[in-house]
Amino acid sequence: MSQTADLAILHAKLITMDDQRRIFSDGAVAVRGSRIVAVGRSAEVAATFTAKETIDAKGGVVQPGFVDCHVHFSQHLGRGIIPDAWPEEREHAHWLPYWLNLSEEDANAGTMLACLEMVRNGTTTFCDNGGKFRGDAKAAVVNRVGLRGMISEVCWDLPPYPSVSVGDTDACLKRLERLTQALPKNADARIWAGVSMAGMGRCTDRLLVEGKRLADRLGVTLDFHQSFGPGDVANYRKQTGGKTAIEHFANLGILGTNLQLVHMIYTEDSEVALLAASRTNVVHCPAASTRVGMGVSKVGRFPEMVAQGVNVALGSDSGNYSDFFDVARQAYLASTIHREARGVMPAISAHQALEMATRNGARSLGMLDAIGSLEVGKKADIVIHSGCRPEWHPGLNVVNSLVYSAQSASVDTVMVDGEIILRGGRFVRLDEEAEYRKIDALAQNLHRRMGFAIPSPWPLD
Ligand SMILES: [Zn+2]
């Protein structure tokens, strides 16, 4: 007897990312409510399910939504303002005025821009490290678009910038706890609060340890930056009495499956071994480094991490560090820059990069039982690409096509939690053009208040 479904997607090149990594050349997915009820060959799914709506993918690729494990929504309204000359004192000269002048309305506009960009690029789940304002307001903006994700309110209790951070250990912890109560993580939550900090030597040991306890108690992720540049690594070594960052974290007892360390470019072999043994997650943000010449391809040990079983996910980071929120482009970089720098193939393969972009991101956020692959029982977070674009053809190796050729420009329809939020290239819940008008007006106003000119080597009329 036929079973019912709300939606059936038929005739797809279906990349499931399930435990066997099955790929169907004429595949289908059926969805009931927020969950996937069937994955398989089109003929079999069509014969078994009667769906209220059917989408014919016409040979387009269908994949689980990407997971972007590191973004800063609040910085998105200022992307592109820092020149390529990238002065040494950049944070004081450029970013501090940005932060000090940023209003909550500006930050919310940055959040909206980030969400629109992520959906258009096939991302369905994000992890935002947090900004100056309350996460609840940010969650309301995300809800207008319909994405899934972890929100936090970044904090640090060591200088610099006490005007932006909270500045006191107890106040940091109180702030984090309040948000986790306001946005609890549960099976039905599309948006939940995690525990995010600045890291990179700006957090006391007490804040790290108490933050980990809070994350353990609530079953959420502890998330912070680490080992981005040689300077922060050297400074942190002084703070830890000569220990590497990961040795120090091992001594503090904060390594583990719910810790997510972002960047981890300047690492040692002994640290990679500790990360693997403790099953600590790493977020590779290749574009954040290549944009500012931080050294990710020269010194990054990401191929070693992947080979040794460290769960490595991907992140887009922020305006002025990558300037785009596109996990597929991060996957392209992750799979190519290390082989280029080392002169070896594959370093990280296209298939491994796609795992980083989907399953590994889900695992890093403690969500692999719900998202990260297209499997019966999982949440229906699904991306449909249009097959009517040149980059998909001839399409003889669909994973190579996705990572090397198509990336995400062909995203046509995006579903989160069984709800279509982008249909045929149009946002369902909002008027995209009207949002861009608001975003641009607010950004121009903010830039005027900041009071510095964006240098251009070419004449601007
Ligand atoms: Zn960051």
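Residues numbered from 1 in each chain as written. Predicted model: local features only at pLDDT ≥ 70, side-chain atom pairs only at ≥ 80, totals over all residues.

Caption draft 1: The pairing of strand β5 (residues 61–64), seen in detail. When strand β1 (residues 3–15) meets β5, the two strands line up parallel, connected through two bridges. Counted as the bridge partner of Lys13 is Val61 from β5. Summarising the sheet, β5 and strand β15 (residues 382–385) pair through three bridges and their orientation is antiparallel. Paired with Val62 across the two strands is Ile384, which belongs to β15. (Pairing = 2+ DSSP bridges. Helix = DSSP H or I, 4+ residues; strand = E, 2+ residues; numbered from the N terminus.)

Caption draft 2: Representation of the domain arrangement of the protein chain. Once the domains are mapped, the protein chain shows domain 1 (3–64 + 373–427) and domain 2 (66–364). When each unit is reduced to the centre of its C-alpha atoms, the spacing between domain 1 and domain 2 is 29 Å. In this complex, domain 1 contributes 19 residues to the contact, which on the side of domain 2 involves 23 residues. The set of elements that each furnish at least two residues to the side of domain 1 that touches domain 2 consists of α16 (398–406), β16 (411–416) and β17 (419–423). (Domains from an automatic or database assignment. Contact = placed C-beta atoms within 7 Å.)

Caption draft 3: Representation of the sheet that holds strand β12 (residues 259–263). Spatial ordering of the open sheet is given by β10-β11-β12-β13-β14, a layout of five strands whose pairing is parallel. The sheet is open, and its two edges are formed by β10 (195–199) and β14 (311–314), each paired on a single side. Within the sheet, the average angular offset between the axes of one strand and its neighbour, ignoring direction, is 25°. Bridge count for β12 against strand β13 (residues 281–284) is three bridges, and the pairing is parallel. Within β13, the residue paired with Leu261 across the bridge is Val282. The strands touched by helix α6 (residues 205–218) within the sheet are β10 and β11 (222–226), with β10 carrying the most contacts at an inclination of about 160°. (Axes fitted to C-alpha atoms, helices over the stretch in contact; angles between N-to-C directions.)

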